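Single-letter residue listing:
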Amino acid sequence: MATFPYPLPRTGIGVDVHAYAPEDDPQPLWLGGLHWEGERGLAGHSDGDPVAHAAADALFSAAGVGDLGTHFGTDRPEYAGASGLTLLAEAARIVRDAGFEIGNVAVQLIGNRPKFTPRRDESEAALTQAAGAPVSVSATTSDRLGFTGRGEGIAAVATAVVVSVRQP
């Protein structure tokens, strides 16, 4: 293994996907740490926020400390209904406790609705506060292809950069 005079950054990837909740069991929509009034919500063990969940998973991946299921899985009843911001903040704490500082997290939201751009700044501020590091979010559609294109759910893909702060 090569030795460097400085710590190299580590990158991680996180992916999260949630289907819309059944119409006979409506849920509020939480997306990018924000409540979207009047929008159909997503099904999930916690609040179903794919943006916050993908961001947390990317942090775990970058630090090599497991994944979302390891830390917040469906076998953990204390996380039932938990806010994505709470999960992201806890993920950041776990990563820092493992000896890393967070450089940034970037998330790509994939879905037809809601229109994300009008609330991007608000979402990025909430996610950044939860992570204690810069979080940026971009959004796209899938040109009516796949489950997101058919309006069956929302997906998110995230990358994170962390750097070891532990002395060798």
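Along each chain, residue indices are assigned from 1 in the same order as the chain's sequence is written. Predicted model: local features are reported for residues with pLDDT of at least 70 only, side-chain atom pairs are reported and counted for 80 or more only, and whole-chain, interface and lining totals are derived from all residues. The basis for the side-chain values is all heavy atoms of the structure; hydrogens and waters are excluded.

With that out of the way, let us pick up the overall build of the protein. For helices the rule is a DSSP run of H or I covering at least 4 residues; for strands it is a run of E covering at least 2, with both sets numbered from the N terminus onward. If you tally the helices and strands in the protein, you get five helices and six strands. Taken against the 2.2 N^0.38 rule, which gives 15 Å for 168 residues, the C-alpha radius of gyration of the protein at 16 Å falls within 12% of a compact globule. Overall, the C-alpha framework of the protein stretches about 55 × 35 × 25 Å when taken along its three principal axes. The cut-offs for exposure are 20% and 50% of the maximum accessible area for each residue type, with area from a 1.4 Å probe on protein chains only; residues under the lower value are buried, those over the upper are exposed, and the others partly exposed. Of all 168 residues assigned to the protein, the portion counted as buried reaches 43%. The contact rule is simple, with two residues in contact once any of their heavy atoms fall within 4.5 Å. Within the protein, contacts between residues at least 6 apart in sequence are counted, and of these 73% link residues at least 24 apart. Both definitions apply: the radius of gyration is a C-alpha atom measure, and the globule rule equals 2.2 Å times residues to the power 0.38.

Time to look at the UniProt feature "domain: 2-C-methyl-D-erythritol 2,4-cyclodiphosphate synthase" (unreviewed entry) in the protein. UniProt positions are given in the numbering used here, feature names are shortened, and annotations may be inferred rather than shown by experiment. In the numbering used here, UniProt assigns the feature "domain: 2-C-methyl-D-erythritol 2,4-cyclodiphosphate synthase" (unreviewed entry) to residues 10-162. In residues 10-162, helix accounts for 32% and strand for 27%; the two terminal C-alpha atoms are 5 Å from one another.

The next point concerns the UniProt feature "binding site: a divalent metal cation" (unreviewed entry) in the protein. Under the UniProt annotation, the feature "binding site: a divalent metal cation" (unreviewed entry) is placed at D16, H18 and H53. A maximum C-alpha distance of 10.2 Å places the annotated residues, which cover 38 residues in sequence, within one compact spot. Setting aside anything within four residues of it in sequence, one finds D16 in contact with D49, P50, H53, A54, L68, I154, A155 and A156. Nitrogen and oxygen atoms within 3.5 Å of one another constitute a polar contact, given that in protein one can donate a hydrogen and the other can accept it, and given that sequence-neighbouring residues count only through two side-chain atoms. Polar side-chain contacts of D16 include one of 2.7 Å to the side chain of H18. Position of H53 among the secondary structure elements: in helix α1 (residues 50-63). On the accessibility criterion, H53 (3% relative accessible area) is buried. Aside from chain neighbours lying at most four places away, what touches H53 is D16, H18, S46, D47, G48, L68, G84 and L87.

Our next topic: the packing of α1 against helix α3 (residues 84-97). Two numbers describe how α1 lies on α3: the axes approach to 8 Å, and their chain directions differ by 10 degrees. In terms of orientation, α1 and α3 fall into the roughly parallel class. From α1, A52, H53, A55, A56, L59, F60 and A63 reach across to α3, where they touch G84, L85, L87, L88, A91, A92, I94 and V95. We call Asp, Glu, Lys and Arg charged. Ala, Val, Leu, Ile, Met, Phe, Trp, Tyr, Cys and Pro are nonpolar, and the rest, Gly among them, are polar. Of the residues contributing to the contact of α1 with α3, the split by class is 13 nonpolar, two polar and no charged. Lines fitted to the C-alpha atoms define the axes, with helices restricted to the stretch that makes contact. Angles between their N-to-C directions range from 0 to 180 degrees. An angle below 35 degrees is treated as roughly parallel, one above 145 as roughly antiparallel, one from 65 to 115 as roughly perpendicular, and anything else as oblique.

Moving on, we come to the pattern of salt bridges. Salt bridge, as applied in this entry: a Lys or Arg side-chain nitrogen positioned within 4 Å of an Asp or Glu carboxyl oxygen. In this structure the tally under the stated criterion is eight salt bridges. One salt bridge connects E23 with R40, and the closest N-O pair in it is separated by 3.8 Å. With E23 in the loop between β1 (9-19) and β2 (30-31) and R40 in the loop between β3 (34-35) and α1, this pair connects stretches of sequence that are 17 residues apart. With a relative accessible area of 31%, R40 lands in the partly exposed category. Note that R93 is salt-bridged to D97, the shortest N-O span being 2.4 Å. Of this pair, R93 and D97 both sit in helix α3, four residues apart, which is roughly one turn of that helix. On the accessibility criterion, D97 (48% relative accessible area) is partly exposed. Among the ionic contacts, a cluster of salt bridges with common partners joins E90, R93 and D97.

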